[in-house]
Amino acid sequence: MVQQHTRRRALSLIGATGVIGLAGCLGGDDGTDDDGMADDHDDDMDDDAENGAMDDHDAGVRVAHLSPDAPNVDVYVDGDTVLEDVPYRAVSDYLELAPETYGVMITAAGDPDTVVFDDDVEVGDGDYTIAALGELAEEENQPFAPAVLEDDLSDPGEDARIRLVHASPDAPAVDVTAGDGETVLFEDAAFGDAAAVEVPPEMYTLEVRAATEDNDGDVVATFDVEPMAGTVYSAFAVGYLEPEAAPADEPFDLEVVVDAEHHDDADAGDDHDDYDDDDDDDDNDDDGY
C-alpha cells in the first residue's frame, strides 16, 4: 500500500491518545524470534475466538510495540500470557475480551521480573490498541509510556479510513498534505498524536512538511498510498530521523497494517477476522502480526 520516497523527516499526526500509567523500567536482552504469539492463551478465549462465538458486545484489544530501543516483550492479561517475544514494530492480532477491567502487564521477553507496565485497563464496548511509545534510554527524546488508542473499525463504505500515529521519538511537528499542498490532512502534528481521515480509494502522494501556520513548509518526505474501499488502516510512523545519533539504529519508516476489511459479501466475517498485515512491508519479518 505504501511506498516511501525519503526518510529525512517524520510523518506525525494530530489527534488525542490516552496515556496510561507506567511501572518499572524495561531492560534485558533484545530477542530475535519473530513469532510473538503465545501458545498458552486462556483456553476459553482461544476456543471462542476460533469458533467465532464471541458476543456482539465483546471488545478487541491488541498490542503495538513501537518503542525503537526496547527489547522484545511478553504481554499478560490477568496473569495469563497472551503474547510472547513481541519484537519492535510488531502489531498483534486482536484478542477478544468481555468489557470489564483487566490487569495488563508487559515485561521484557523471558524476564517476568523486568516489568515495563503493570496496571488495570478498563475495556469498554470497542476496540483498542495498547501502543508502547517512546524510549528507554536515559537521555531519550521521548520517555517510554504505553498509550491506549481507541480504534474505529466501522465500515467506511465506499471510502477507506487511514489512522496515522506518530511514534517517531525524534520527529518535529509537521503538516501532512496531498495534491501538492492543495489538501491538508493533518497539521501541527507532534509525537504521540493520532488521527484518522476517510478518503476515496485511489492513489495519493502524502507530503510531509515542516509545520507552518499556512501548511506550506518545504516537503521533506513523501509516501505513495493506495487505500482500498471499505478498508481500515493504521499507519505508524516509527524509527528515528537520525538513527546514527539515536539509542538504536532504527531508521524512520511507515509501518502500515490493515485493521479491518469490509466486503459486500454477507459471509465476509467480522472486523477482527479480516485483520492482515501490509504485504508491501518486505523489510519487516514479523509474520503473524
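Rules behind the numbers
- Within each chain, residues carry numbers counting from 1 in the order of the written sequence.
- Totals for whole chains, interfaces and linings use all residues, but because this is a predicted model, local features are given only for residues with pLDDT of at least 70 and pairs of side-chain atoms are given and counted only at 80 or more.
- Side-chain metrics rest on all non-hydrogen atoms present in the structure, leaving aside hydrogens and water.
- What makes a salt bridge here is a side-chain nitrogen of Lys or Arg within 4 Å of a carboxyl oxygen of Asp or Glu, nothing more.
- The numbering of helices and of strands both runs from the N terminus, where a helix is a DSSP run of H or I of at least 4 residues and a strand a run of E of at least 2.
- Here, nonpolar core means buried Ala, Val, Leu, Ile, Met, Phe, Trp, Tyr and Cys residues that are tied together by side-chain atoms lying within 4.5 Å of each other.
- Summary of the burial criterion: residues with accessible area below 20% of their type's maximum are buried, those above 50% are exposed, and those between are partly exposed, where the area comes from a 1.4 Å probe applied to protein chains only.

Where an unreviewed UniProt entry is consulted, the protein chain appears under the name DUF4397 domain-containing protein, with the organism given as Natronorubrum sulfidifaciens JCM 14089.

Undergrad: Just to check I follow, could you spell out the pattern of salt bridges for this structure?
TA: Proximity of charged atoms lets side chains of opposite charge pair with each other. Using the criterion set out here, one finds 7 salt bridges in the structure. Between Arg163 and Asp151 there is a salt bridge, with its nearest N and O atoms 2.8 Å apart. With a gap of 12 residues between them, Arg163 in strand E11 (residues 160-166) and Asp151 in strand E10 (residues 145-151) connect regions that are remote in the sequence. Each of the salt bridges in this network shares a partner with another, and the network as a whole consists of Arg62, Asp151, Arg163 and Asp259.

Undergrad: It is not clear to me how the nonpolar core should be interpreted in this structure. Could you clarify?
TA: If you look at soluble globular proteins, the nonpolar side chains tend to sit buried side by side. Core analysis: the largest hydrophobic core is formed by 25 residues, its most contacted members being Ile162, Phe186, Val208, Phe223, Tyr233, Ala235 and Leu254. For this core, the elements supplying multiple residues, two or more each, are E11, strand E12 (174-178), strand E14 (194-199), strand E15 (204-210), strand E16 (219-225), strand E17 (231-238) and strand E18 (253-261). A total of 4 residues in this core trace back to one element, the largest contributor, which is E16. Residues Val61, Val82, Val121 and Ile130 belong to the second largest nonpolar core, which totals 24 residues.

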